[in-house]
Amino acid sequence: MAPVATAAGPGDVPVRDGDGGPGRRLGPVALVVTSGLSIQFGAAFAVLLMPRAGALGVVTLRLVLAAAVLLVVCRPRIRGYGRADWGTIVAFGTAMAGMNILIYQSSSRIPLGAAVTLEVLGPLILSVVASRRWTNLLWAGLALVGVVLLGGGGFDRLDPLGAAFALGAGGMWAAYIVFGARTGRRFPQADGLALAMAFGALLSLPLGLAEAGDRLLVPSTLALGLAVALMSSVLPYTLELLALRRMPAPTFAILMSLEPAIAAMAGFLVLSQALSTVDALAIALVIAASIGAVRTTRRRG
């Protein structure tokens, strides 16, 4: 599998950031780190919202409100695209909805830092497969040791269903990276993101209504949901789309390994979720694997 963010396929439309856009003012690594800070602190606030609307209700609020904001701001063109373009939107929106539904189900059962540490295995595996370098297998092995430590040698300290949801979210995260890169090439600016977000919102809407019903319409819940949507979807996904236009998808995927530390910090500051020494060591190993893989990728470049 070749790096999916560098070579355009048939029907792909090359897209460049404007000279004065945020992608020019910030490097791609800064874009990814800023996105991680926004999305993980947004996720921490989303955990506080779950008692009001439930995990599925929060996902629905996040996606529906984020889609509304992006559609109003971007006003994307819907004509002039082919079947492959719309297929990319459907795949990107499905991955986005699946990733959010699964990680919210996980974070309602296990600490946020642990959930994101398991979730990040998806992007890390993607980076190994896409790069085809044996040295990246070593970094993946180091990350795996961290995950085993996090689970106490058998995940006996974590709710099994919560861990399974986190791993499923990791698979969706890998798909999000692949189809996000394709969307960034096929659609100008953030048009593809807005359309994919709208499709993901439609997928989540029946689930959220079934769980929360009219609780989603309480003004205070809507206000908190809008804050989560802006922090966890609108801002970070836009920054990630810009980053994916400027770096190979495997490198982007490896940088996602930094998010467990951000999630742990957000969980500590917002949710008072303390980490044990072993948990901190596990997250440090995952971050070390990320840094090592990035350095390997840069030497190859």
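Since this is a predicted model, take the numbers as computed values, not measurements. Position labels on residues start from 1 in each chain and follow its written sequence. Whole-chain, interface and lining totals are the exception, using all residues; otherwise, since this is a predicted model, local features are given only for residues with pLDDT of at least 70 and side-chain atom pairs are given and counted only at 80 or more. Calculated side-chain values reflect all of the structure's heavy atoms, with hydrogen atoms and water omitted.

Chemist: Is there a simple way to explain the overall build of the protein chain in this structure?
Modeler: Working definition: helices are DSSP H or I runs of at least four residues, strands are E runs of at least two. Numbering for both runs from the N terminus. A tally of helices and strands in the protein chain yields 12 helices and 0 strands. Along the protein chain, from the amino end to the carboxyl end, the secondary structure elements read α-α-α-α-α-α-α-α-α-α-α-α. The criterion used for residue contact is that any of the two residues' heavy atoms lie within 4.5 Å. Residue pairs at least 24 apart in sequence account for 89% of intrachain contacts in the protein chain once pairs closer than 6 positions are excluded. Surface accessibility follows the Shrake-Rupley procedure with a 1.4 Å probe radius. Residue values consider only the protein chains on display as shielding. For the protein chain, the computed accessible surface area is about 12,800 Å², with 69% contributed by carbon and sulfur atoms.

Chemist: How should I be thinking about helix 7 (residues 160–186) in this particular structure?
Modeler: Think of an α-helix as 3.6 residues a turn; residues three or four steps apart then line up on the same face. The terminal C-alpha atoms of helix 7, which comprises 27 residues, lie 39 Å apart, in line with the 39 Å expected from a rise of 1.5 Å per residue. Distance and chemistry together define a polar contact, namely a pair of N or O atoms within 3.5 Å, with one atom able to donate a hydrogen and the other to accept it when in protein, and with adjacent residues in sequence counting only for side-chain atoms on both sides. At the N-terminal boundary of helix 7, the capping side chain belongs to Asp-159, with an oxygen 3.2 Å from the backbone nitrogen of Leu-161. A helix is expected to span 1.5 Å multiplied by its residue count minus one.

Chemist: Looking at this structure, how should I read the confidence of the model for the protein chain?
Modeler: Any segment with low pLDDT has predicted coordinates that should not be analysed in fine detail. The predictor's confidence in any single residue is recorded as pLDDT, a number from 0 to 100. Across the protein chain, pLDDT averages 79, with 80% of residues at or above 70. In this model, residues 1–25 is a region of pLDDT below 50 whose contacts with residues beyond four sequence positions or in other chains number 51 contacts.

Chemist: Would you mind showing me how to read the environment of Tyr-81 here?
Modeler: With respect to the secondary-structure elements, Tyr-81 resides in the loop between helix 2 (28–74) and helix 3 (83–107). You can call Tyr-81 buried: its relative accessible area is 14%. Between the C-alpha atoms of Tyr-81 and Arg-186, which are 105 residues apart in sequence, the distance is 8.8 Å. Ignoring anything within four residues of it in the chain, the contact list for Tyr-81 reads Trp-86, Arg-186, Phe-187 and Pro-188. Burial status follows relative accessibility: with a 1.4 Å probe on protein chains alone, a residue under 20% of its type maximum counts as buried, one over 50% as exposed, and anything between as partly exposed.

Chemist: I keep staring at a nonpolar patch on the surface and nothing clicks. Help me out?
Modeler: A cluster of nonpolar side chains, Val-29, Val-33, Leu-37, Met-265, Phe-268 and Leu-269, forms an exposed patch at the surface whose accessible area comes to about 510 Å². Those elements that place two or more of their residues in the nonpolar patch are helix 2 and helix 11 (259–271). Examined against the element boundaries, Val-29 turns out to sit in helix 2. The class of Val-29 is partly exposed, set by a relative accessible area of 35%. Like-charged residues within 9 Å of one another, or nonpolar side chains (Val, Leu, Ile, Met, Phe, Trp, Tyr) within 5 Å, are grouped into patches, provided each residue has over 30% relative accessible area and no salt bridge. Basic side-chain nitrogens of Lys or Arg form a salt bridge, by our definition, when they fall within 4 Å of a carboxyl oxygen of Asp or Glu.

Chemist: Whenever I open this one, helix 2 confuses me. Can you help?
Modeler: The first and last C-alpha atoms of helix 2 sit only 22 Å apart over 47 residues, clearly below the 69 Å expected at 1.5 Å per residue. Where helix 2 bends most, the angle comes to about 110 degrees, and this point is Pro-51. Just downstream of helix 2, Arg-75 is the residue with a positive phi angle, here 45 degrees. Throughout, bend refers to the angle between the axes fitted to the seven residues that end at a position and the seven residues that start at it.

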